[in-house]
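Overview (structure and organization)
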Amino acid sequence: MILSLAVLSTALLFGGMTLYSFGFAAFLFKTLPAKTAAQALRRAFPWFYAFVIVTSAAAALLWWPRDGAFAAVMAAVAVTTVPVRQVLMPAINRATDAGLRQRFQWLHGLSVMITLGHIAATGWLLCNLA
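Attention in this report is confined to the structure presented alongside it.

Cut-offs used in this document
- Residues numbered from 1 in each chain as written.
- Predicted model: local features only at pLDDT ≥ 70, side-chain atom pairs only at ≥ 80, totals over all residues.
- Heavy atoms only, no water.
- Phe/Tyr/Trp six-rings, centres within 6.5 Å; stacked < 30°, edge-to-face > 60°.
- Helix = DSSP H or I, 4+ residues; strand = E, 2+ residues; numbered from the N terminus.
- Buried < 20%, exposed > 50% of the residue type's maximum accessible area, 1.4 Å probe, protein only.
- Axes fitted to C-alpha atoms, helices over the stretch in contact; angles between N-to-C directions.
- Left-handed = near helix turned anticlockwise from the far one by under 90°.
- Contact = heavy atoms within 4.5 Å.
- Nonpolar A, V, L, I, M, F, W, Y, C, P; charged D, E, K, R; others polar.

1. Describing the packing of aromatic side chains
- Summed over the entire model, instances satisfying the criterion amount to eight aromatic pairs.
- Taking 6.1 Å as the distance between ring centres and 85 degrees as the angle between the ring planes, the aromatic pair formed by Phe 45 and Phe 48 counts as edge-to-face. Taken as a pair, Phe 45 and Phe 48 lie in helix 2 (residues 34–63) at a separation of three residues, close to a single helical turn.
- For Phe 48, a relative accessible area of 6% corresponds to the buried category.
- For the pair Phe 48 and Tyr 49, a centre-to-centre distance of 5.2 Å together with 55 degrees between the ring planes defines the contact as tilted. The pair Phe 48 / Tyr 49 is uniform in exposure class, with both members buried.
- Among the aromatic residues, ring-to-ring pairing joins Tyr 20, Phe 24, Phe 45, Phe 48 and Tyr 49 into one connected group.

2. Description of the packing of helix 1 (residues 2–31) against helix 4 (residues 101–127)
- Following both chains from N to C, one finds helix 1 and helix 4 inclined at 145 degrees, their axes separated by 10 Å at the closest point. In this structure, helix 1 crosses over helix 4, and the sense of that crossing is left-handed. Contacts between helix 1 and helix 4 involve Val 7, Thr 10, Ala 11, Leu 13, Phe 14, Met 17, Thr 18, Ser 21 and Phe 22 from the first element and Thr 115, Leu 116, His 118, Ile 119, Thr 122, Gly 123, Leu 125 and Leu 126 from the second.
- Looking at the contact of helix 1 with helix 4, its residues break down into ten nonpolar, seven polar and no charged.

The structure is reproduced here in structure tokens:
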């Protein structure tokens, strides 16, 4: 039962991060005016990061009795998402508000790379189940 919950929580994390990153954000910018889409994403990102933190932490706890390496990967995702949510995201918002386009692009690029790393790590874990 615990193994099944570990796999399901990891799959939920992978699917949620992938859908949000490649589906939801793109959908908003294709269907809403840019300013409205940006405002909606600004409101959604704290919830997205909270989802990543909680889901990856739960997955880490569930993997712990079965596979320490998998637990460590999920714990790393949880731990590295906290500063993204608490430090990087507010810095991105401040750069946007101040009109600092180059700083925004750099910070946003960093957040994208971290999220892609989280997706890759979670995907690696799932692929290693086969």
